[in-house]
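Spelled out, the chains give:
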Amino acid sequence: MLAVQGSERSPLYPDVPTTEELGFSNLSVSWWTGISIPKDTPKDIVKKWEAAIEKIQQDKQFQAQLEKIYLQPGYLNSSDFTKKVQEEVEWYTELAEKTGIRK
């Protein structure tokens, strides 16, 4: 493996440098998944989902299963996750327009 595309070295590959360490700035890509629910969902239901997801991602057995498929857990609450998705949409939209992929 030549490099990992992230802002930090992966604990799964601690000896593999990041693309940034190799001199490539702004080349950090991560794969993520999330759960989406309707925006008018009551806040108490959203909080229950947040608590359940935060709890499971801290579970050692869950983490062990993720490691088997070379994934790392990461938790963002609904507000932070929404912000992250919006930032990625803006970034990729700008990239597509600058490169002519999107007009």
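Scroll up for the structure.
Residues numbered from 1 in each chain as written. Predicted model: local features only at pLDDT ≥ 70, side-chain atom pairs only at ≥ 80, totals over all residues. Heavy atoms only, no water.

Together, Ile 35, Ile 37, Ile 45, Trp 49, Ile 53 and Ile 56 line one region of the surface with nonpolar side chains, adding up to about 490 Å² of accessible area. With respect to the secondary-structure elements, Ile 56 resides in helix 1 (residues 43-58). (Patch = residues over 30% accessible without salt bridge, like charges linked within 9 Å, V, L, I, M, F, W, Y side chains within 5 Å. Areas by Shrake-Rupley, 256 points an atom, 1.4 Å probe, with all protein chains shown as cover. Salt bridge = Lys/Arg side-chain N within 4 Å of Asp/Glu carboxyl O. Helix = DSSP H or I, 4+ residues; strand = E, 2+ residues; numbered from the N terminus.)

Now for the packing of aromatic side chains. Evaluation of the coordinates by the stated rule reveals 3 aromatic pairs. Considering the side-chain rings of Tyr 13 and Tyr 70, the 6.0 Å spacing of their centres and the 20 degrees angle between planes classify their relative orientation as stacked. Of this pair, Tyr 13 sits in the segment before helix 1 while Tyr 70 sits in the loop between helix 2 (60-68) and helix 3 (78-98), and the two are 57 residues apart along the sequence. (Phe/Tyr/Trp six-rings, centres within 6.5 Å; stacked < 30°, edge-to-face > 60°.)

Relative to the assigned elements, Thr 19 resides in the segment before helix 1. Judged by its relative accessible area of 8%, Thr 19 falls in the buried class. Ignoring sequence-local partners within four residues, the contact set of Thr 19 consists of Ala 3, Val 4, Gln 5, Phe 24 and Leu 27. (Buried < 20%, exposed > 50% of the residue type's maximum accessible area, 1.4 Å probe, protein only. Contact = heavy atoms within 4.5 Å.)

In this section: helix 3. Compared with an ideal rise of 1.5 Å per residue, which puts 21 residues at 30 Å, helix 3 spans 30 Å between its outermost C-alpha atoms and is within 8% of the ideal. For helix 3, every residue scored as buried is listed here: Phe 81, Glu 88 and Ala 96. Projection of helix 3 onto a plane perpendicular to its axis shows the buried side chains occupying an angular sector of 65 degrees, all on one side. In helix 3, the exposed positions that point more than 90 degrees away from the buried face belong to Ser 79, Glu 90 and Lys 98. Regarding helix 3, its N-cap is Asn 77, as a side-chain oxygen of that residue lies 3.1 Å from the backbone nitrogen of Ser 79 further along. Just downstream of helix 3 lies Gly 100, where phi reads positive at about 85 degrees. (Expected span 1.5 Å × (residues − 1). Arc of directions from axis to C-beta. Polar contact = N/O pair within 3.5 Å; in protein donor to acceptor, adjacent residues only side chain to side chain.)

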